[in-house]
Structures are given as structure tokens and as C-alpha cells.
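# Structural description and commentary
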Amino acid sequence: QVQLVESGGGLVQAGGSLRLSCAASGRTFSTYTMGWFRQAPGKEREFVASISGNGGTTYYADSVKGRFTISRDNAKNAAYLQMNSLKPEDTAVYHCAAVSFKQRALQSSEYRYWGQGTRVTVSS
């Protein structure tokens with residue numbers, strides 16, 4: 001079992017940057033693929049990025065590719081989402097999630113554990 005807590009959300013101007021953090025409990029963090037998802041007002045939850053347990057494999061949604069970077073620090077039991085060149089369309093509640101033994105996991109239904117979410121608002 002693992003508990004996830006996100007932080008780092010807030011209000012930022014278009015073109016600015018934010019770094020989201022996801023702190024995880026548990027003893028086997030490195031066995032989990034970590035994902036970031038977001039849900040904007042009136043829209044379904046969508047995949048943003050994921051990173052494999054050892055950090056060797058990453059996936060990004062086309063909408064954020066080149067602007068966002070997912071990373072992790074297994075020694076700190078943490079995952080991160082660096083968001084640069086933010087756009088108003090990035091406004092959403094961002095959740096981190098974890099799943100064991102799945103290198104490629106792009107759907108929310110594939111993840112077992114979820115954080116409470118942190119809100120990101122990008123003003124124009």
C-alpha cells in the first residue's frame with residue numbers, strides 16, 4: 001500500500017512555470033510506475049505523463065510534450081512534474097498516481113493509488 005500527497009499547485013501567469021511534487025509513503029517506491037493526470041472543469045480526467053520505477057522510461061501527452069518534464073527521486077520517495085511555458089489550457093486539478101509492474105500505463109483505470117490532487121490555475 002502507498003499513500004500519495006501532491007503539493008506545489010497555485011496560480012501562475014501564462015508562460016510561467018510550476019513544479020509539482022508527489023510525496024509517497026511505503027517501502028517499495030521504486031517498484032511503482034508513477035503517473036500524473038489532470039482534470040479541467042467540464043472535462044474528463046486525462047493522462048499527462050508517467051515515469052517507470054527506475055526512471056528509465058517516460059511518456060507524455062502530446063499536449064504537454066516539450067513543456068513538461070516528469071522525474072522522480074527514489075531516495076526521497078518522491079515524483080515531480082516540472083511545468084514550463086504554461087498555458088491557460090493547463091488549468092486543472094493535477095493528481096499523481098501509482099501502479100506496480102506496469103511500465104506503460106496511460107489510462108487512469110490502470111493506476112491503483114491516487115493522491116488528493118493539487119490545483120493549477122494559469123491566467124492569461
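Quantities reported herein were computed from a predicted structural model and do not represent experimental measurements. (Residues numbered from 1 in each chain as written. Predicted model: local features only at pLDDT ≥ 70, side-chain atom pairs only at ≥ 80, totals over all residues. Heavy atoms only, no water.)

### Examining the state of the cysteines
Counted under the stated rule, the structure contains one disulfide. Between C22 and C96 runs a disulfide, and the two sulfur atoms are separated by 2.1 Å. Between C22 and C96, the S-S torsion sits near 60°, and that sign places the bridge as right-handed. Of this pair, C22 sits in strand β3 (residues 18-24) while C96 sits in strand β9 (residues 92-100), and the two are 74 residues apart along the sequence. Accessibility assignment for this pair places C22 and C96 in one class, buried. (Disulfide = S-S within 2.5 Å. Helix = DSSP H or I, 4+ residues; strand = E, 2+ residues; numbered from the N terminus. Buried < 20%, exposed > 50% of the residue type's maximum accessible area, 1.4 Å probe, protein only.)

### A look at the pattern of salt bridges
By the definition in use, this model includes five salt bridges. A salt bridge links R38 to D90, with the shortest nitrogen-to-oxygen separation between them at 2.9 Å. A residue pair is termed long-range when its members are at least 10 positions apart, and R38 in strand β4 (residues 32-39) and D90 in the loop between β8 (78-83) and β9 qualify at 52 residues. In terms of burial, R38 and D90 fall into one category: buried. In this structure, E110 engages K102 in a salt bridge whose closest nitrogen and oxygen atoms are separated by 3.8 Å. Residue K102 is classed as partly exposed on the basis of its relative accessible area of 34%. Residues participating in the shared-partner salt-bridge network are R38, E46, R67 and D90. (Salt bridge = Lys/Arg side-chain N within 4 Å of Asp/Glu carboxyl O.)

### Thoughts on the nonpolar core
With 36 residues, the main nonpolar core has L4, M34, W36, L81, M83 and Y94 as its most contacted residues. Counting residues per element, the ones that place at least two in this core are β3, β4, β5 (46-51), β7 (68-73), β8, β9 and β11 (118-123). Take this core: its biggest share by element is six residues, from β9. With residues up to four places along the chain from it excluded, the contact list for Y94 reads E6, L20, W36, F37, R38, V48, F68, L81, M83, G117, T118 and V120. (Core = buried A, V, L, I, M, F, W, Y, C linked by side-chain atoms within 4.5 Å. Contact = heavy atoms within 4.5 Å.)

### Some thoughts on the side chain of T91
Topologically, T91 is positioned in the loop between β8 and β9. A polar side-chain atom of T91 sits 2.9 Å from the main-chain amide nitrogen of V122. Leaving out residues up to four positions away in the same chain, T91 has contacts with A40, P41, V120, T121 and V122. (Polar contact = N/O pair within 3.5 Å; in protein donor to acceptor, adjacent residues only side chain to side chain.)

### Some details on the sheet that holds β7
Taken together, the four strands give an open sheet; going across it, the order is β1-β3-β8-β7, and neighbouring strands pair in antiparallel fashion. Edge strands, defined here as strands with exactly one partner in the open sheet, are β1 (4-7) and β7. On average, adjacent strands in this sheet sit at an angle of 15° to one another, irrespective of strand direction. Across six bridges, the pairing between β3 and β8 is antiparallel. Of the residues in β8, the one forming a bridge with S21 is Y80. (Pairing = 2+ DSSP bridges. Axes fitted to C-alpha atoms, helices over the stretch in contact; angles between N-to-C directions.)

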